[in-house]
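# Remarks on the overall topology
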Amino acid sequence: MSKIGEAERKAQNRVIDLLSAHQIDAPGGLGWRYLGDWQKRDGNANIEEDLLRPWLLSRGYAPDIVTQAITLLKREARMEGTKLYEANQSFYEMLRYGVAVAPGPGEAPVTVRFIDWSDPTANDMGVAEEVAIKGKDAKAWNKRPDLVLYVNGIALGVVELKKSTVGVGEGIRQTLDNQRPEFIQHFFTTVQITFAGNDSEGLRYAAIQTPQPYWLAWKEDSEITGPLDRDVTQMMTPARFLEIIHDFTLFDAGKKKITRPNQYFAVKAAQDRVREKQGGIIWQTQGSGKSLIMVMLARWIREAFPDGRILIVTDRKELDSQIEDVFGNTGDKVRRARSGNDLMAALADPTDRIICSLVHKFGKREEGEMEGLISDIQNANIGAPVGEFFVFIDEAHRTQSGKLANAMRKVLPEAMFVGFTGTPLLKSDKGTSLETFGPYIGKPYRFDEAVEDGVVLDLRYEARDIDQRISAPGKIDAWFEAKTKGLTPNAKATLKQRWGTLQRVLSSRDRLEQIANDIIMDMEMKPRLHSGMGNAMLVAGSIPEACKFFEIFKKSGSVLAEKCAIVTSYKRAAPEITGEETGMGETEKQYVHRVYTDLLGETSEEDYEEEALRLFKKEPGRMKLLIVVSRLLTGFDAPTATYIYIDKQMRDHGLFQAICRVNRLDGDDKDFGYIVDYKDLFRNIESAVEDYTSEAFDAFDKEDVEGLITDRADQADQDLRVARDAWLGLMDCVEQPKSDAEIFTYFSSPQGIDNDPDAEEKSRRRQALYRISGRYARAYANVAAEPEGTGFNDLELGECRREVERAIGIRDAVRLHSGDAVDMKLYEPAMRHLIDSYIRAEDSEIISHLDDISLIDLVESKGAAAEEDLPPASKRKRENVAEAIENNVRKLIIEESPVNPRFYEKMSELLTDLIRQRREDAIEYAEYLERIAALVKDAKAGHGREYPKTVDSTGKKALFDNLGANEELALKVDTTVRETAPFGWRGNAMKERKVRRCLEQALDDPETVEQIFEVLKNQHEY
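All values reported here derive from a predicted model rather than from experimental measurement.

### Here we look at the overall build of the protein chain
- Scanning the protein chain from terminus to terminus reveals 40 helices and 25 strands.
- Looking at the protein chain residue by residue over its 1022 residues, the buried ones come to 54%.
- Of the roughly 45,200 Å² that the protein chain leaves accessible, carbon and sulfur atoms contribute 49%.

The structure is reproduced here in structure tokens:
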């Protein structure tokens, strides 16, 4: 056991004893043998031939083969005109795979392996201390690492130790200094893991040339209490040490990387599942290195299964490309499928061990296309897949991942499927995900754990509100009266649903200009943005809004005029604006097309975006802001930023993945990621963070998965039967022979609504028609997508399909015949002008005061009782909070039935009501945020705010709170303990008994004694 402040020498002796028990001739301790103190030993090197040669000879290699192999190995370890990374990488390849040596001319080469990776105990594991290394030339300084770990005479590990009162950072910096050319850089060409440690903080570890902020701490349960002893025991057993080097070390585009603990244990759990041929889902929170888990697991599968092949499937082009790059950077050849036929050809070619593909290459969603693909395979038009397939599906939480996996199983029926996700499964997706992939693999790695481990940064939140007002109600009324003459109530309802919503009100140009002004101000005022080290993302509500933002910034004359870019899913295409010209002004599609054409000219969207992303990632001073809508917000390929400005309604996975754009480690000057919210999303964020830190979705056993398909199929069957009965019941009311004439007579007013006494009743019938036909179509689609296990046979499903097609046809025909259909393109330009011209936005106002509180603190500080401290609108079950008004924030003012003409008498009243409602919600929301902030600050302080004057310390407040607010009793206990408790009583059994006895004198109830004793143990003033 270590003592605080004991000399570094004692810690070093203890570590050597742990490793080897100071045994010289045979392994001791954890399995190493002691090589000695090499401070005065001449010729110390990273390849000790006197140790390597006898080991190779003992493996049965001929002496001349051994001589040649050692010569080649030493040559690889030299640094002659190359960089350390490159030398270390080439040496690693030789170390891992061996070297081919030809015994003589024309003879078959012999592969010499320098390490027995399969049997760690077969290696000569040695530890030397005070290894004095000479600088490479006369100008270089000599150095002396504390410990060097040799495997068969090859230096694979270096350890720097400090005493407990000296920070481990000093050992890290010393190790990094040693890797500089001025010192002993040449020694590190063979070194695979570097360690630094002390008794207070334990070990930190990293690959060569890893900057100090990115050194890692191991995290694994242990009964050993001393941090250094625990970490040495867990990381430096021969088996673990060699396994980390062999299976968990990667060279990724100029950076050498060693597994984080969460990655290691995820892969180990997946290996067990792969051996059992049971799929599952790997959940590792955003930013924790999910893509490298794929790489490590794929490499292991290729080597463990001779016929093993890996197919990696994603649903985004950027991710598809990134996976190819990541695998390629780490040395694994990847075949990236360029088309559906290319994919099938790759599956049929066993030489392609790793294949990556986009979802759509398995066929689009058109009915019958997948069946056609399978038919092609069966007819040998395309070769059948060859090998033992393991399919990795990224973003496995998404709904389409289940449909995708089911489709792929038709092509690869024997494949094992592993889903990867950075998010927990939502309850709504649980059934699909579990039945598709199986339960979680290993222990999910949550957001709060990643923050605690220093893998990602915590987040800070700020809500901003922009008040709005109508500037000319009379003009709005006049416009609406003129434009809606002759429209049916249903048509008016459709128009209002499209334009009289808060999304349209909130997207007024005046409001967007205020947000842009905010961001421009932040670029000048926020230190990291102003310095050019950090950058920001702006999430717009739609592509047209993104275009408006872009135009505003380009014309602003500010720093962002030439340093912002727009990246959306929009692609210019002539068919996209075909049929848009009405002669009434520019429609939204025409507007977006014009903005992109003016921006890009002859440049393609792909080239523009590639350059914008390059600048954003590599030169943030030249590209400070990206305007996005849905692109670049998810997946490991997405760029990182310091600030994210959100002006879009978001929730659940999408919201959490978006805010995680700013939680990545990015330089010493970045302590937090910052969220600026213009949509009052905090309650959504709070709910999402709770999902990402809770135990709610932890372990799904096999029995959780069994029966899910049947249960969902039964429900889908019932929904379809109910929807079909409703449709048939509606059509029963139409007179025979139910031709077009009878249908129009029943639902519509051929002579106009003014001349039809049944017009109101027919309007209600049409509403029923629109609702029931849509429900029938959705219910049929759910069953048809997964017909296996349903109660419908092919004949019945065919009948339902014909009925649904007729139902949709009747709906569309009646909508046109009755005048309910509205050509929105005629109204778009004028409505947009109306909103932009007559809605004025005020300067933004910060309505939160949470900038000194992290999101983790916010969530972890809230217990169940916190619900009662919220405003009435928030007093509801937690699962409802994320779905109710907090989730949508701005509800439509339209009543459930759109047929309510009084709402259309004055458009200005409608808009005024919408703006008033938004403002009232914002006020209530600000009060909510203030209460949350107060609650968290109290929780962090450990006590409330109002106490009697005599209760004037943290300890007294804790006693007061836990003794039923009894001031006299709290002071009595405080005095008794202060007078009686001996120094250093915590952890000393005899002294703790003395404290208990003094409590028993002040308190009558034994249960209360125990409760207060625990309080006292955690109050450091006693």
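This is not the end of the story, as more comes after the structure.
### Thoughts on the pairing of strand β1 (residues 33-37)
- Counting buried positions along β1 gives 4 out of 5 residues, so the element sits mostly inside the fold.
- Here β1 runs beside strand β4 (residues 125-129); their pairing, made up of 4 bridges, is parallel. Along β4, the bridge assignment pairs Tyr 34 with Val 127.

### Thoughts on the environment of Asp 50
- Relative to the assigned elements, Asp 50 resides in helix α2 (residues 49-58).
- Put simply, Asp 50 and Asn 152 are 102 residues apart on the chain and 9.5 Å apart in space, counted from C-alpha to C-alpha.

### With respect to the sheet that holds strand β20 (residues 564-567)
- Taking strand neighbours across the sheet as the criterion, the 7 strands line up as β20-β21-β19-β22-β23-β17-β25 in an open arrangement whose pairing is mixed. Edge strands, defined here as strands with exactly one partner in the open sheet, are β20 and β25 (845-846).
- Pairing analysis gives 4 bridges linking β20 to strand β21 (residues 625-628), with the strands arranged parallel. For Cys 564, the partnering residue across the bridge sits in β21 and is Leu 625.
- Helix-sheet contacts for helix α24 (residues 605-618) involve β19 (536-539), β20 and β21, and the interaxial angle to β20 is about 130°.

### Comments concerning the sheet that holds β4
- With mixed pairing, the 6 strands of this open sheet are ordered in space as β1-β4-β5-β6-β7-β8. Both outer strands of the open sheet, β1 and β8 (202-206), are each paired with one neighbouring strand and no more. Ignoring strand direction, the axes of neighbouring strands in this sheet form an average angle of 20°.
- Together, β6 (154-161), β7 (193-198) and β8 form the strand contacts of helix α5 (residues 168-178), whose direction differs from that of β7 by roughly 150°.
- Running at roughly 45° to β8, helix α6 (residues 227-235) makes contact with β6, β7 and β8 of the sheet.

### Looking at the pattern of salt bridges
- Applying the stated rule across the entire model yields 44 salt bridges.
- In this structure, Asp 199 engages Arg 14 in a salt bridge whose closest nitrogen and oxygen atoms are separated by 2.3 Å. Of this pair, Asp 199 sits in the loop between β7 and β8 while Arg 14 sits in helix α1 (residues 8-20), and the two are 185 residues apart along the sequence. With respect to burial, Asp 199 and Arg 14 carry one shared label: buried.
- What you see here is one network of salt bridges that share partners, running through Arg 9, Glu 129, Glu 130 and Arg 144.

### Remarks on the nonpolar core
- Counting residues in each nonpolar core, the largest one holds 83 residues, and the members touching the most others are Phe 114, Phe 195, Phe 241 and Phe 392.
- The dominant element in this core, judged by the number of residues it contributes, is helix α9 (residues 290-304), at 9 residues.
- Ignoring any residue separated from it by four or fewer positions in sequence, one finds Phe 392 in contact with Met 294, Leu 297, Ala 298, Ile 301, Ile 310, Leu 311, Ile 312, Val 313, Val 418 and Phe 420.
- Among the nonpolar cores identified, the runner-up in size contains 68 residues, and Ala 516, Phe 550, Leu 560 and Phe 656 belong to it.

### Looking at the packing of helix α37 (residues 954-962) against helix α40 (residues 1006-1017)
- Between α37 and α40, whose axes approach to 10 Å, the crossing angle comes to 155°. Considering their axes alone, α37 and α40 lie roughly antiparallel with respect to each other. The interaxial crossing formed by α37 with α40 has right-handed handedness. Packed against α37, whose contacting residues are Ala 958, Leu 959 and Asn 962, the element α40 presents Gln 1011, Ile 1012, Val 1015 and Leu 1016 at the interface.
- Grouping the constituent residues of the contact of α37 with α40 by class yields 5 nonpolar, 2 polar and no charged.

### Some details on the environment of Asp 961
- In this fold, Asp 961 is placed in helix α37.
- Residue class for Asp 961 comes out partly exposed when judged on its relative accessible area of 41%.

### Here's the deal with the packing of aromatic side chains
- Counting across every chain of the model gives 19 aromatic pairs.
- Residues Trp 300 and Phe 305 carry aromatic rings whose centres are separated by 6.0 Å and whose planes lie at 80° to one another, so their mutual orientation is edge-to-face.
- Judged by relative accessible area, which is 14%, Phe 305 ranks as buried.
- Taken together, the ring pairs connect Tyr 205, Trp 218, Phe 248, Tyr 264 and Phe 265 into an aromatic cluster.

### A few points about unusual backbone geometry
- Put simply, Gln 736 and Pro 737 share a cis peptide bond, and its omega is 5°.
- For Pro 737, the position within the fold is in the loop between α28 (708-732) and α29 (740-747).
- Its identity is not glycine, yet His 22 carries a phi of approximately 55°, on the positive side.
- Non-glycine residue Lys 738 carries a positive phi angle of around 60°.

### Considering the pairing of β8
- Counting buried positions along β8 gives 5 out of 5 residues, so the element sits mostly inside the fold.
- Bridging between β7 and β8 involves 5 bridges; their strand directions are antiparallel. In the sheet register, Asn 198 faces β8, and the bridge partner there is Gly 202.
- Between β7 and the antiparallel strand that follows it, β8, lie 3 residues.

### Overview of the confidence of the model for the protein chain
- Here the protein chain averages 77 in pLDDT, while 70% of its residues score no lower than 70.
- Contacts for the low-pLDDT stretch residues 363-368, under 50 throughout, to residues beyond four places or in other chains number 4 contacts.
- Every residue in residues 696-710 is under pLDDT 50, and counting partners more than four places away or in other chains gives 26 contacts.

### Notes on the side chain of Asp 231
- Mapping Asp 231 onto the fold places it in helix α6.
- At 3.1 Å, the side chain of Asp 231 forms a polar contact with the side chain of Arg 230.
- Sequence-distant contacts of Asp 231, that is, excluding residues within four places in its chain, are made with Glu 201, Gly 202, Leu 203, Trp 218 and Met 236.

### A word on helix α4 (residues 84-97)
- For α4, spanning 14 residues, the distance from its first C-alpha to its last is 20 Å, which sits close to the expected 20 Å at 1.5 Å a residue.
- Of all the positions in α4, only Leu 84, Tyr 85, Ala 87, Asn 88, Phe 91, Tyr 92, Met 94, Leu 95 and Arg 96 are classed as buried.

Cut-offs and rules
- Residues numbered from 1 in each chain as written.
- Predicted model: local features only at pLDDT ≥ 70, side-chain atom pairs only at ≥ 80, totals over all residues.
- Heavy atoms only, no water.
- Helix = DSSP H or I, 4+ residues; strand = E, 2+ residues; numbered from the N terminus.
- Buried < 20%, exposed > 50% of the residue type's maximum accessible area, 1.4 Å probe, protein only.
- Areas by Shrake-Rupley, 256 points an atom, 1.4 Å probe, with all protein chains shown as cover.
- Pairing = 2+ DSSP bridges.
- Contact = heavy atoms within 4.5 Å.
- Axes fitted to C-alpha atoms, helices over the stretch in contact; angles between N-to-C directions.
- Salt bridge = Lys/Arg side-chain N within 4 Å of Asp/Glu carboxyl O.
- Core = buried A, V, L, I, M, F, W, Y, C linked by side-chain atoms within 4.5 Å.
- Parallel < 35°, antiparallel > 145°, perpendicular 65-115°, else oblique.
- Left-handed = near helix turned anticlockwise from the far one by under 90°.
- Nonpolar A, V, L, I, M, F, W, Y, C, P; charged D, E, K, R; others polar.
- Phe/Tyr/Trp six-rings, centres within 6.5 Å; stacked < 30°, edge-to-face > 60°.
- pLDDT = per-residue confidence, 0-100.
- Polar contact = N/O pair within 3.5 Å; in protein donor to acceptor, adjacent residues only side chain to side chain.
- Expected span 1.5 Å × (residues − 1).

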